[in-house]
Amino acid sequence: MKVIAIVGYKKTGKTTLVERLVSELSKSGRVGTIKHSQEEILPFGGDTDRHLASGASVTIGVTPSRSIMVMKSSDIDGALKEMSMQGVDYVVVEGFKQSRLPKIAIGDVEAENVVARVDINATGEQLAAIAMAQPDTVTLFELIARIHRNPEIKKAGAIGTFTGIVREIAENEITKALEFESYDVVAKERIAKIEADLKQQPGIVDVIIHHKTGRIAAGEDIVYIVIASGHRQELFPALREAIERVKEEVPIWKKEMTVSGEYWVHDKE
């Protein structure tokens with residue numbers, strides 16, 4: 001899933017550029033959009049608002065032609081998580097200047113992580129090229145959705161996942177974050193080989209492995225493994241093998257950042 005935000009001052013044409021970009025990206029995949037607003041948006045009224053007022057975290061209104069979901073969560077990360085669960089290929093965000101998202105800025109507006117600056121005359125093709133050049137944002141939900149889109153999924157009776165996270169408390173140490181570095185070309189080749197090998201095992205329908213790099217804070221996800229199989233008896237041994245092989249075969253190095261200091265794991269050992 002590729003994510004790009006379009007930011008600018010008020011009345012500079014953000015929505016117009018969003019429309020052009022969405023129209024172009026929709027030619028090559030599913031597109032979701034997120035709009036930043038400083039005002040409360042209440043698209044329902046009546047009973048659905050009463051659901052939220054009574055304590056519901058999420059409510060969805062379904063009509064004969066469309067449905068609308070409202071969440072009490074108000075952060076961009078929560079919205080992106082919901083988008084990933086929908087299996088979209090691209091997310092176009094309007095606003096959120098101070099977020100960590102890569103951004104297309106209109107004119108001289110100040111924003112973090114600006115990857116390109118354009119004016120109102122930018123074409124959909126130009127905007128799409130910028131969006132497609134951004135790194136993928138990978139979530140477990142997106143990988144599960146990708147597995148479901150495999151035409152061979154009709155042979156599967158189970159999907160199993162493994163998620164490795166940054167452990168904050170271990171014995172008497174508190175970890176603030178981990179930093180992962182990899183030899184990218186070799187790491188991708190090794191992961192692809194593990195996936196291919198596992199797919200050759202009886203009953204295994206599909207395998208996807210993704211390991212993040214860079215700084216990852218305590219509690220955040222590090223690695224995802226998703227496997228589809230005909231039966232659970234084939235699934236669990238394959239998951240275990242995938243986990244162990246990623247740890248042993250993929251050239252990824254880990255630096256621990258704790259309250260007492262920082263060190264590469266091999267240095268400590």
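Residues numbered from 1 in each chain as written. Predicted model: local features only at pLDDT ≥ 70, side-chain atom pairs only at ≥ 80, totals over all residues. Heavy atoms only, no water.

I tried to follow the pairing of strand E6 (residues 103-106) on my own but got confused; where do I start?
Regular strands have side chains that alternate between both faces of the sheet. Across the two faces of E6 the burial is the same, with Lys 103 and Ala 105 and Ile 104 and Ile 106 all buried. Sheet topology note: the strand E1 (residues 2-7)/E6 ladder contains three bridges and is parallel. Bridged to Val 7 within E6 is Ala 105. (Buried < 20%, exposed > 50% of the residue type's maximum accessible area, 1.4 Å probe, protein only. Helix = DSSP H or I, 4+ residues; strand = E, 2+ residues; numbered from the N terminus. Pairing = 2+ DSSP bridges.)

It is not clear to me how the packing of helix H6 (residues 184-199) against helix H7 (residues 232-249) should be interpreted in this structure. Could you clarify?
Packed helices, taken two at a time, are described by the angle their axes make and the gap between the axes. Interhelical geometry of H6 versus H7 gives an angle of 155° and a closest axis separation of 10 Å. It follows from the interaxial angle that H6 and H7 lie roughly antiparallel. Relative to H7, the crossing made by H6 is right-handed. Of H7, the residues touching H6 (which contributes Arg 190, Lys 193, Ile 194, Asp 197 and Leu 198) are Ala 238, Glu 241, Ala 242, Arg 245, Val 246 and Glu 249. Partitioned by chemical class, the residues of the contact of H6 with H7 number five nonpolar, no polar and six charged. (Axes fitted to C-alpha atoms, helices over the stretch in contact; angles between N-to-C directions. Parallel < 35°, antiparallel > 145°, perpendicular 65-115°, else oblique. Left-handed = near helix turned anticlockwise from the far one by under 90°. Contact = heavy atoms within 4.5 Å. Nonpolar A, V, L, I, M, F, W, Y, C, P; charged D, E, K, R; others polar.)

Mind showing me how you'd approach the sheet that holds strand E8 (residues 158-165) here?
The strands that make up a sheet pair up through hydrogen bonds in the backbone, lying either parallel or antiparallel. Taking strand neighbours across the sheet as the criterion, the three strands line up as E8-E13-E11 in an open arrangement whose pairing is antiparallel. Both edges of this open sheet fall to E8 and strand E11 (204-211), since each of them pairs with a single strand only. On average, each strand axis in the sheet is tilted by 10° relative to the strand beside it, whichever way the strands run. Sheet contacts for helix H5 (residues 140-149): E8, E11 and strand E13 (221-229); angle to E13, the most-contacted strand, approximately 20°. Across the face of the sheet, H7 comes into contact with E8, E11 and E13 while running at roughly 145° to E13.

Explain the nonpolar core here, please?
The tendency in soluble globular proteins is for nonpolar side chains to be buried side by side. Of all hydrophobic cores here, the largest spans 23 residues; its most connected members are Leu 198, Ile 209, Ile 222, Ile 225, Ile 227 and Val 250. Looking at this core element by element, the count peaks at five residues for H7. The contact partners of Ile 209, leaving out residues within four places of it in the chain, are Ile 191, Ile 194, Glu 195, Tyr 224, Ile 225, Ala 242 and Val 246. One finds Ile 6, Leu 17, Leu 127 and Ala 131 within the second-largest nonpolar core, a separate group that totals 17 residues. (Core = buried A, V, L, I, M, F, W, Y, C linked by side-chain atoms within 4.5 Å.)

Got a minute to help me understand the layout of surface pockets in this structure?
Over the atoms, a rolled probe matching the size of one water molecule traces out where space is still vacant. Of the pockets and cavities examined, the largest pocket occupies roughly 1,700 Å³. Of all the elements in the fold, those that place two or more residues in the lining of the largest pocket are helix H3 (76-85), H5, H6, E11, strand E12 (214-217) and E13. Examining the composition of the lining of the largest pocket, we find that six residues originate from one element, H6, more than from any other. (1 Å grid on protein atoms, 1.4 Å probe; cavity = no way out; pocket = protein on both sides within 12 Å on 5 of 7 lines; lining within 4 Å. Points joined across faces, edges and corners; volume = space filled by probe spheres on them.)

Help me understand a nonpolar patch on the surface in this model?
Residues Val 58, Ile 60, Val 62 and Met 69 make up a contiguous nonpolar surface patch of roughly 360 Å² in combined accessible area. Counting residues per element, the nonpolar patch draws most heavily on strand E3 (residues 58-62), which supplies three residues. Structurally, Val 62 is set in strand E3. Val 62 gets classed as exposed once you look at its relative accessible area, which sits at 66%. (Patch = residues over 30% accessible without salt bridge, like charges linked within 9 Å, V, L, I, M, F, W, Y side chains within 5 Å. Areas by Shrake-Rupley, 256 points an atom, 1.4 Å probe, with all protein chains shown as cover. Salt bridge = Lys/Arg side-chain N within 4 Å of Asp/Glu carboxyl O.)

Any chance you could explain the side chain of Glu 195 here in plain terms?
Position of Glu 195 relative to the elements: it lies in helix H6. Here Glu 195 sits buried without a salt bridge, and the closest side chain of opposite charge, Lys 199, lies 5.3 Å off (N-O distance). Once you skip the residues sitting within four places of it in the chain, Glu 195 turns out to touch Val 207, Ile 208 and Ile 209. (Lys, Arg positive; Asp, Glu negative; His and termini not counted.)

What is the right way to read the environment of Ser 28 from this model?
Inspection of the secondary structure puts Ser 28 in the loop between helix H1 (14-25) and strand E2 (31-35). Separated by 62 residues in sequence, Ser 28 and Tyr 90 place their C-alpha atoms 9.5 Å apart. Setting aside anything within four residues of it in sequence, one finds Ser 28 in contact with Tyr 90 and Met 132. Side chain to side chain, Ser 28 and Tyr 90 meet in a polar contact 3.2 Å long. (Polar contact = N/O pair within 3.5 Å; in protein donor to acceptor, adjacent residues only side chain to side chain.)

Can you walk me through the environment of Gln 134 in this structure?
Examined against the element boundaries, Gln 134 turns out to sit in the loop between helix H4 (124-132) and H5. Judged by relative accessible area, Gln 134 falls into the buried class, the value being 11%. Spatially, the C-alpha atom of Gln 134 lies 6.5 Å from that of Lys 2, the residues being 132 residues apart in sequence. Leaving out residues up to four positions away in the same chain, Gln 134 has contacts with Lys 2, Val 3, Ile 4, Pro 102 and Val 115.

Got a minute to help me understand the sheet that holds E1 in this structure?
Strand order in the open sheet formed by five strands is E2-E5-E1-E6-E7, and the pairing between neighbours is parallel. Two strands lie at the open edges of the sheet, namely E2 and strand E7 (114-118), each paired on one side alone. Across this sheet, the average inter-strand angle for adjacent strands is 20°, counted without regard to direction. As paired strands, E6 and E7 are joined by four bridges and run parallel to one another. Considered in E7, the bridge of Ile 104 is made with Ala 116. Across the sheet, H3 is in contact with E1, E2 and strand E5 (90-94); its angle to E2 comes to roughly 160°. Against the sheet, H4 touches E1, E5, E6 and E7, its axis set at about 175° to E7.

The quantities given are spatial measurements derived from coordinates; they are silent on function.
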